[in-house]
Amino acid sequence: ARGLDVVGNYDNVYTTATFLFDNSRPVSTVTVPSDGSYLNYKPAELRGTSSDPGESGVTAIFISIMRDDDPATPADDGLPYWNGVNGWSSTEITYSATPPFDNWTRTISAGMFDSNDSRRYTVRTTARDLALNEEGGGVPGIRMSFVYDVNRPTAAVFYPADGGYVSKTGKVNGGSYDKPNGLVD
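These lines cover the structure that appears in this document, whether it is placed above or below. Predicted model only: the values in this text are computed from it and were never measured. (Residues numbered from 1 in each chain as written. Predicted model: local features only at pLDDT ≥ 70, side-chain atom pairs only at ≥ 80, totals over all residues. Heavy atoms only, no water.)

**Topic: the overall build of the protein chain**
Alright, step 1. Looking only at helices and strands, one finds zero helices and 12 strands in the protein chain.
Alright, step 2. Written out in order from the N terminus, the α and β elements of the protein chain read β-β-β-β-β-β-β-β-β-β-β-β.
Alright, step 3. The C-alpha atoms of the protein chain give a radius of gyration of 27 Å, which is well past the 16 Å a tight globule of 185 residues would have.
Alright, step 4. Principal-axis analysis of the C-alpha atoms places the extent of the protein chain at approximately 110 × 35 × 25 Å.
Alright, step 5. In the protein chain, buried positions account for 32% of the 185 residues.
Alright, step 6. Sequence separation of 24 or more characterises 64% of the internal contacts of the protein chain that already satisfy a separation of 6 or more.
Alright, step 7. Total accessible area on the protein chain is roughly 11600 Å²; 54% of this is exposed by carbon and sulfur atoms.
Alright, step 8. Averaging the locations of the 15 positively and 23 negatively charged side chains of the protein chain gives two centres separated by 7 Å. (Helix = DSSP H or I, 4+ residues; strand = E, 2+ residues; numbered from the N terminus. Rg over C-alpha atoms; globule rule 2.2 N^0.38 Å. Buried < 20%, exposed > 50% of the residue type's maximum accessible area, 1.4 Å probe, protein only. Contact = heavy atoms within 4.5 Å. Areas by Shrake-Rupley, 256 points an atom, 1.4 Å probe, with all protein chains shown as cover. Lys, Arg positive; Asp, Glu negative; His and termini not counted. Charge placed at Lys NZ, Arg CZ, Asp CG, Glu CD.)

Shown next, in the form of structure tokens:
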């Protein structure tokens, strides 16, 4: 670059700048827990990966966690978002992952799972790179979900009655139940 004033004087020193152009959006994923998993323990952290095809490098991963509504606890309705510390909120709250961002982590509080058996949790991540490109271009980022399920399902035999008899043609009849979002095999 070279400066010119209004009377026609040019600057004697040329200046240059080298820069990279990056308009590619970065990408992030959640790897632990895996999408669609059922957990019977309180996970201590989330883990994931990210990359930037534009090569400026991922500089931040933003995370939010949401739980589904539970008809059995209507007092929880309207508070779906984890606040990152000790409770639930009506508005989405994001918090940062811990670098390095190509293999990021985020510690999560065990309190997030208290009184939330059989709830589905949805995790959203959004990556940002050094050129300020954001994953999804302002649209919510990658979503994955898992179910926290620590209570055992119940099972019962309905026929024959306890201590009863079944003939050759009789059928044994029964059933099982697990709180919604739980999985019964």
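**Things to note about unusual backbone geometry**
Alright, step 1. For the bond running from Val32 to Pro33, omega is -5 degrees, close enough to zero to count as cis.
Alright, step 2. Mapped onto the secondary structure, Pro33 falls in the loop between β1 (27–32) and β2 (37–39).
Alright, step 3. Each neighbour pair has its own omega, and for Pro99 with Pro100 the value is 5 degrees, a cis peptide bond.
Alright, step 4. Tracing the chain through its elements places Pro100 in the loop between β7 (95–96) and β8 (103–107).
Alright, step 5. With a phi angle near 55 degrees, Ser115 is a residue other than glycine that sits in the positive phi range.
Alright, step 6. Within the secondary structure layout, Ser115 lies in the loop between β8 and β9 (119–129).

**Section: the nonpolar core**
The nonpolar side chains of a soluble globular protein tend to be buried, and buried together.
Alright, step 1. Counting 22 residues, the largest nonpolar core has Ile61, Ile63, Ile65, Trp104, Met112, Tyr121 and Val123 as the members making the most contacts within it.
Alright, step 2. The set of elements that each furnish at least two residues to this core consists of β4 (58–67), β9 and β10 (142–148).
Alright, step 3. A total of four residues in this core trace back to one element, the largest contributor, which is β4.
Alright, step 4. Discounting chain neighbours no more than four positions away, the residues touching Trp104 are Thr29, Val30, Leu46, Arg47, Gly48, Thr49, Ser50, Ile61, Ile63, Ala97, Thr98 and Thr125. (Core = buried A, V, L, I, M, F, W, Y, C linked by side-chain atoms within 4.5 Å.)

**Brief notes about the pattern of salt bridges**
Alright, step 1. Summed over the entire model, instances satisfying the criterion amount to five salt bridges.
Alright, step 2. Across the pair Asp68 and Arg119 runs a salt bridge, and its minimum N-O distance is 3.4 Å. Placement of Asp68 in the loop between β4 and β5 (81–82) and of Arg119 in strand β9 is noted, with a sequence separation of 51 residues between them.
Alright, step 3. Classification of Arg119 as buried rests on a relative accessible area of 2%.
Alright, step 4. Here Arg128 and Glu134 are joined by a salt bridge, their closest N and O atoms 2.8 Å apart.
Alright, step 5. For Glu134, a relative accessible area of 26% corresponds to the partly exposed category. (Salt bridge = Lys/Arg side-chain N within 4 Å of Asp/Glu carboxyl O.)

**Observations concerning the environment of Tyr81**
Alright, step 1. Tracing the backbone through its elements, the reader meets Tyr81 in strand β5.
Alright, step 2. Considering only alpha carbons, one finds Tyr81 and Arg67, 14 residues apart in sequence, at a separation of 6.6 Å.
Alright, step 3. When neighbours within four sequence positions are excluded, Tyr81 is seen to be in contact with Ile65, Met66, Gly87, Trp88, Ser89, Ser90, Thr91, Glu92 and Ile93.

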